[in-house]
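Here is how the chains run, residue by residue.
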Amino acid sequence: EAGVAQSPRYKIIEKRQSVAFWCNPISGHATLYWYQQILGQGPKLLIQFQNNGVVDDSQLPKDRFSAERLKGVDSTLKIQPAKLEDSAVYLCASSLGANTGELFFGEGSRLTVL
Amino acid sequence: GQQVMQIPQYQHVQEGEDFTTYCNSSTTLSNIQWYKQRPGGHPVFLIQLVKSGEVKKQKRLTFQFGEAKKNSSLHITATQTTDVGTYFCAGRVLSTLTFGKGTMLLVSP
């Protein structure tokens with residue numbers, strides 16, 4: 001069974017530039033999550049989708065971050081414009097359902113903002 | 001919002017010593033999960049606890065869920081160098097899963 005796929009693995013940009021990350025969850029997983037993990041900290045939920053609807057985006061900085069999951073399968077997370085404090089690993093995860101069950105994480109996309 | 005606190009932040013043990021990390025939530029949880037993240041890797045699921053007072057074992061790892069479903073612990077007996085990594089608890093309230101900051105475990109041979 002293929003795991004959660006993410007790209008790119010690494011990205012270096014200058015502040016005020018934009019960046020997009022892509023995630024393809026495990027086939028059949030209805031719930032998709034984007035987490036931000038700053039070095040030395042735990043993953044922080046940015047947005048959670050159930051199929052193509054948003055379940056929780058309360059911690060998403062909506063003035064600069066956006067995410068979509070148009071067909072209920074893969075998802076894109078965009079940052080525009082990027083700030084220095086956005087340097088982090090962006091982890092995508094998926095699970096069968098929203099209220100229980102394990103999360104399967106991708107390898108992550110490491111963003112460095114200079 | 002929901003907060004999940006985890007202690008200690010960091011622990012360095014000699015191989016063969018025991019290790020425990022504690023997790024505390026500000027709200028009553030539906031369930032709690034534990035994950036392990038190796039250096040440079042991504043979080044990998046270890047276990048989920050659902051019932052009040054539940055205890056589960058996986059070889060040398062023992063997981064407990066408190067009676068009030070607000071705290072949990074992970075105990076490793078006789079650590080090995082392969083146990084190195086950061087252990088995260090993640091508490092679920094309804095559909096939202098909130099991670100603690102993790103406990104980094106170093107094991108010296």
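What you are looking at is a predicted structure, and each value in this text was computed from that prediction instead of being measured.

Let's talk about the pairing of strand β3 (residues 19-24) of chain A
Residue and element names in this part refer to chain A.
Moving on, step 1. The side-chain alternation of β3 yields one buried face, formed by Val19, Phe21 and Cys23, and one unburied face, formed by Ala20, Trp22 and Asn24.
Moving on, step 2. Pairing geometry for strand β1 (residues 5-7) and β3, over 3 bridges, is antiparallel. Across the sheet, residue Ala5 finds its bridge partner in β3, namely Asn24.
Moving on, step 3. Here 5 bridges tie β3 to strand β8 (residues 75-79), and the two strands are oriented antiparallel to one another. Following the sheet pairing, Ala20 is matched in β8 by Lys78.

Section: the sheet that holds β1(A)
Residues and elements named next belong to chain A.
Moving on, step 1. On the basis of which strands lie adjacent, the open sheet formed by 4 strands has the order β1-β3-β8-β7 and antiparallel pairing. This sheet does not close on itself; its edge strands, each paired only once, are β1 and β7 (65-68). When strand polarity is set aside, the average angle formed by the axes of neighbouring strands in this sheet is 15°.

Concerning the interface of chain B and chain A
Moving on, step 1. The interface is formed by 17 residues belonging to chain B together with 21 residues belonging to chain A.
Moving on, step 2. Between chain B and chain A lies a buried interface of about 1500 Å² when both sides are counted; carbon and sulfur atoms form 49% of it.
Moving on, step 3. Among the residues chain B hides against chain A, the three largest losses belong to His42(B), Ser95(B) and Phe99(B). Together they make up 32% of the total.
Moving on, step 4. Taken together, the links from chain B to chain A amount to 0 salt bridges.

A word on the nonpolar core
Moving on, step 1. Core analysis: the largest hydrophobic core is formed by 21 residues, its most contacted members being Phe21(A), Trp34(A), Leu77(A), Ile79(A), Tyr90(A) and Leu111(A).
Moving on, step 2. The residues touching Leu111(A), leaving out its near neighbours within four places in the chain, are Lys11(A), Ile13(A), Val19(A), Phe21(A), Ile79(A), Asp86(A), Ser87(A), Ala88(A) and Tyr90(A).
Moving on, step 3. Of all hydrophobic cores here, the second largest spans 19 residues; its members include Cys23(B), Leu49(B), Leu74(B) and Cys89(B).

What to know about unusual backbone geometry
Moving on, step 1. Note that the residue after Gln80(A), namely Pro81(A), is joined by a cis bond; omega there is -5°.
Moving on, step 2. By the element assignment, Pro81(A) lies in the loop between β8 and β9 (88-95).
Moving on, step 3. A positive phi angle, near 55°, is found at Lys69(B), a position not held by glycine.
Moving on, step 4. You will see that Leu94(B), though not glycine, has its phi angle at about 55°, which is positive.
Moving on, step 5. Checked against the element boundaries, Leu94(B) lands in the loop between β9 (85-93) and β10 (96-99).

As for the state of the cysteines
All names here are of chain A.
Moving on, step 1. Tallied over the entire structure, the rule returns 2 disulfides over all chains.
Moving on, step 2. Here Cys23 engages in a disulfide with Cys92; their sulfurs sit 1.9 Å apart. Looking along the S-S bond of the Cys23-Cys92 disulfide, the torsion reads about -70°, which is the left-handed sense. Residue Cys23 is located in strand β3, and its partner Cys92 is located in strand β9; the two are separated by 69 residues in the primary sequence.
Moving on, step 3. For Cys23, a relative accessible area of 0% corresponds to the buried category.

Conventions used here
- Residues numbered from 1 in each chain as written.
- Chains lettered and ligands numbered in written order.
- Predicted model: local features only at pLDDT ≥ 70, side-chain atom pairs only at ≥ 80, totals over all residues.
- Heavy atoms only, no water.
- Buried < 20%, exposed > 50% of the residue type's maximum accessible area, 1.4 Å probe, protein only.
- Helix = DSSP H or I, 4+ residues; strand = E, 2+ residues; numbered from the N terminus.
- Pairing = 2+ DSSP bridges.
- Axes fitted to C-alpha atoms, helices over the stretch in contact; angles between N-to-C directions.
- Contact = heavy atoms within 4.5 Å.
- Buried area = accessible area lost by both parts, 1.4 Å probe.
- Salt bridge = Lys/Arg side-chain N within 4 Å of Asp/Glu carboxyl O.
- Core = buried A, V, L, I, M, F, W, Y, C linked by side-chain atoms within 4.5 Å.
- Disulfide = S-S within 2.5 Å.

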